[in-house]
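Structural features, examined
Here's the letter readout for the chains.
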Amino acid sequence: MPTFRAPRGTRDLLPDDRAVFDRLQRTAASLTARYGYRGIETPLFEQTSVFERGIGEVTDVVEKELFRLAPRSEEAEAWALRPEPTAGIVRAYVQHGMQTWPQPVKLTTTGPMFRYDRPQAGRYRQFWQFDVEAIGDPGPAIDAEIVELGHRFYTETGVKGVEVLVNSIGDPACRPAYMSTLVEYYRAHRDALPPTELDRLERNALRLLDSKDPAMAALNAAAPRITDHLCEACAAHFASVKAHLDALGVPYRVEPGLVRGLDYYTRTAFEYYVAGREGQQQALGGGGRYDGLVALLGGKPTPGIGFGLGLDRVALVLAEQADGEAPLADGPLAVVVGADPEDTASRLKIATDLRAAGLRARADLARRKLGRQLEAAGKDGAHFAVIVGDELAHGDVQLRDLLAGTQKVVPVDDLARDLARAEASHKHG
Ligand code: AMP
């Protein structure tokens, strides 16, 4: 038999991992509801050109990392798995005429993204993002609101020491002049450029600034900074974003080298890091303003801003910061056990009724001795054992409180109510 394994760069979320993701998704859902975002689901794949046009052809994501689906002969369209959610959501905004809805349209989604990247720690070919998009508001106040929302996500999920890096990357009015300055700078150092970067220099010099090649680090640190070349409108916008962040008390640092890997960003760009762990592989999440994207995908010019926060990396950091403390599994509240190993029907019926009443219950369906059943209930972390014995003939069972070590006779008809009460008294002491 061959040994089957999950595809390279993917991983299985086992129940403990899935429980962490559930908690992250619940936090995301609670936050976005409070901030007025509504859910959206777009397909996991789109026409390739949605990404090529939206994200930009000279980007790592499109050039190297796009998961292209092999076209079937009868299909005219080329498809690719989504590397990020924004392009697909903006495609949906245009397709469904959302520009006629009250603006901004605030949308959120959480799900898997796909990038054909070289797998390493914290970098997978299938990973999860929690994403928000606010389309139709030019900012700057909403920029700060979104940066704060992302920061609050980390606070509420319990990640410690998260810092926000912010930058402005200009707009079509000021970026071209800056780009010329940047190209001149790199041309003057062309001998130091690795071949791939040399090739990109003439096509999209901004990409060199966030190159992952270590050979570029020193050169990039000394490169001209976009923040010194912003036009008046972009500079005023950036100043106002910072003033709003100050007013909200969000801890942030201006990082002029932060340009983000995707072409569609304008003005505000931001990333979240655990302080002291800045670097390409370590970003917990990031986002930015994309005032040109709706028009690029065929809509009328409409500003927008959003973020994508990687859930896999949050889970990794939470595990590191918890220092080996395993998350508590959601075990059953009660396990129904019985003196007659063969009478699985009675145990299953009682557990089924408890579940119907809204309680977490498990029936012991292994035909084993009562002592073994009780032992297993303890290992499961159950708070109560419901013991089925001869009393069942009169409609009663024994309810054992496994935490308190007490036991009493309870009519089956009152069992759900008594269990809920007993559990409530555990919680309130
Ligand atoms: P990006 O749009 O590339 O900045 O991605 C936003 C966030 O998604 C990052 O900050 C990461 O947390 C996460 N992310 C991006 N690519 C990957 C990947 N290959 N594996 C795991 N997480 C990723």
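For the structure given in this document, a descriptive report is provided here.

Reading guide: rules and limits
- One numbering rule holds for all chains: residues counted from 1, following each sequence as written.
- Selection of residues for local features in this predicted model requires a pLDDT of at least 70, selection of side-chain atom pairs for listing and counting requires 80 or more, and totals for whole chains, interfaces and linings are taken over all residues.
- Only hydrogens and water are set aside; all other atoms, that is, all heavy atoms of the structure, feed into the side-chain values.
- For helices the rule is a DSSP run of H or I covering at least 4 residues; for strands it is a run of E covering at least 2, with both sets numbered from the N terminus onward.
- For this measure, only C-alpha atoms enter the radius of gyration; the expected value for a globule follows 2.2 Å times N^0.38, where N is the number of residues.
- Note on classification: 1.4 Å probe, protein chains only; a residue is buried when its accessible area is under 20% of the maximum for its type, exposed when over 50%, partly exposed between these limits.
- Two residues qualify as a contact provided that any one of their heavy atoms is within 4.5 Å of a heavy atom in the partner residue.
- For the accessible areas, the method is Shrake-Rupley and the probe is 1.4 Å, while residue cover comes only from the protein chains on display.
- By the counting scheme adopted, Arg and Lys are positive, Glu and Asp are negative, and His together with the chain ends is not counted.
- Taken as the charge centre is NZ of Lys, CZ of Arg, CG of Asp or CD of Glu, depending on the residue.
- Whenever Lys or Arg places a side-chain nitrogen within 4 Å of a carboxyl oxygen from Asp or Glu, that contact is recorded as a salt bridge.
- Among buried residues, those of type Ala, Val, Leu, Ile, Met, Phe, Trp, Tyr and Cys that are joined through side-chain atoms within 4.5 Å constitute a nonpolar core.
- Pairing of aromatic rings covers Phe, Tyr and the six-membered ring of Trp, with a centre-to-centre limit of 6.5 Å; geometry is then stacked below 30 degrees between planes, edge-to-face above 60, and tilted otherwise.
- Over a ring means this: the NZ of a Lys or the CZ of an Arg is within 6 Å of the ring centre and within 35 degrees of the ring normal.
- When DSSP finds two or more bridges between two strands, those strands count as paired.
- Definition of a polar contact: a pair of N or O atoms within 3.5 Å, with one able to donate and the other able to accept a hydrogen when the atoms are protein atoms, and with sequence-neighbouring residues admitted only if both atoms are side-chain atoms.

1. A few points about the overall build of the protein
From N to C terminus, the protein includes 15 helices and 16 strands. For 429 residues, the compact-globule estimate of 2.2 N^0.38 gives 22 Å, and the C-alpha radius of gyration of the protein, at 28 Å, exceeds that figure by more than 25%. Counting only C-alpha atoms and orienting by the principal axes, one finds that the protein spans roughly 90 × 60 × 45 Å. Out of the 429 residues belonging to the protein, those deemed buried represent 48%. Put simply, of all contacts in the protein between residues at least 6 apart along the chain, 69% involve residues at least 24 apart. Element-wise, carbon and sulfur atoms account for 53% of the exposed surface of the protein, whose accessible area totals about 20,900 Å². Distance between charge centroids for the protein: 2 Å, based on 52 positive and 60 negative side chains.

2. Describing the pattern of salt bridges
A full pass over the atoms with the stated rule returns 18 salt bridges. A salt bridge links E156 to R34; its shortest N-O distance comes to 2.9 Å. One end of the pair, E156, is in helix α5 (residues 141-157); the other, R34, is in helix α1 (residues 15-34), and 122 residues separate them in sequence. Residue E156 is classed as partly exposed on the basis of its relative accessible area of 33%. R367 is the salt-bridge partner of E342, the closest N and O atoms lying 3.2 Å from each other. Of this pair, E342 sits in the loop between β12 (334-338) and α13 (344-356) while R367 sits in the loop between β13 (361-363) and α14 (370-379), and the two are 25 residues apart along the sequence. For the residue pair E342 and R367, the accessibility class agrees, reading exposed in each case. Ionic contacts of the salt-bridge type, sharing partners, join the residues D143, R289 and D291 into one network.

3. A short note on the nonpolar core
One finds F153, Y186 and Y272 to be the most contacted residues of the largest nonpolar core, which totals 84 residues. In terms of residue count, the dominant contributor to this core is α5 (seven residues). Of all hydrophobic cores here, the second largest spans 18 residues; its members include L333, L359, A363 and F384.

4. Brief notes about the packing of aromatic side chains
Counted according to the given criterion, the structure contains ten aromatic pairs. Aromatic pair F67 and F114: ring centres 6.5 Å apart, planes at 80°, arrangement edge-to-face. Residue F67 is located in the loop between α3 (60-63) and β3 (68-69), and its partner F114 is located in strand β5 (residues 105-114); the two are separated by 47 residues in the primary sequence. The class of F67 is partly exposed, set by a relative accessible area of 23%. Each member of the aromatic cluster is reached from another via a ring pair, and the members are F130, F153, Y154, F270, Y272 and F307. The ring of Y124 is capped by R11, whose NZ or CZ atom sits 4.4 Å from the centre of that ring. Across the ring face of F238, the terminal group of K242 is positioned such that the distance to the ring centre comes to 4.4 Å.

5. Details of the pairing of strand β10 (residues 285-289)
A large share of β10 lies buried, amounting to five of its five residues. The alternating pattern of β10 places G285, G287 and R289 and G286 and G288 on opposite faces, both of which are buried. Summarising the sheet, strand β9 (residues 266-274) and β10 pair through five bridges and their orientation is antiparallel. Counterpart to T266 in the pairing with β10 is R289.

6. Observations concerning the side chain of T157
By the element assignment, T157 lies in helix α5. A polar contact is formed between the side chain of T157 and the backbone oxygen of F153, at a distance of 2.9 Å.

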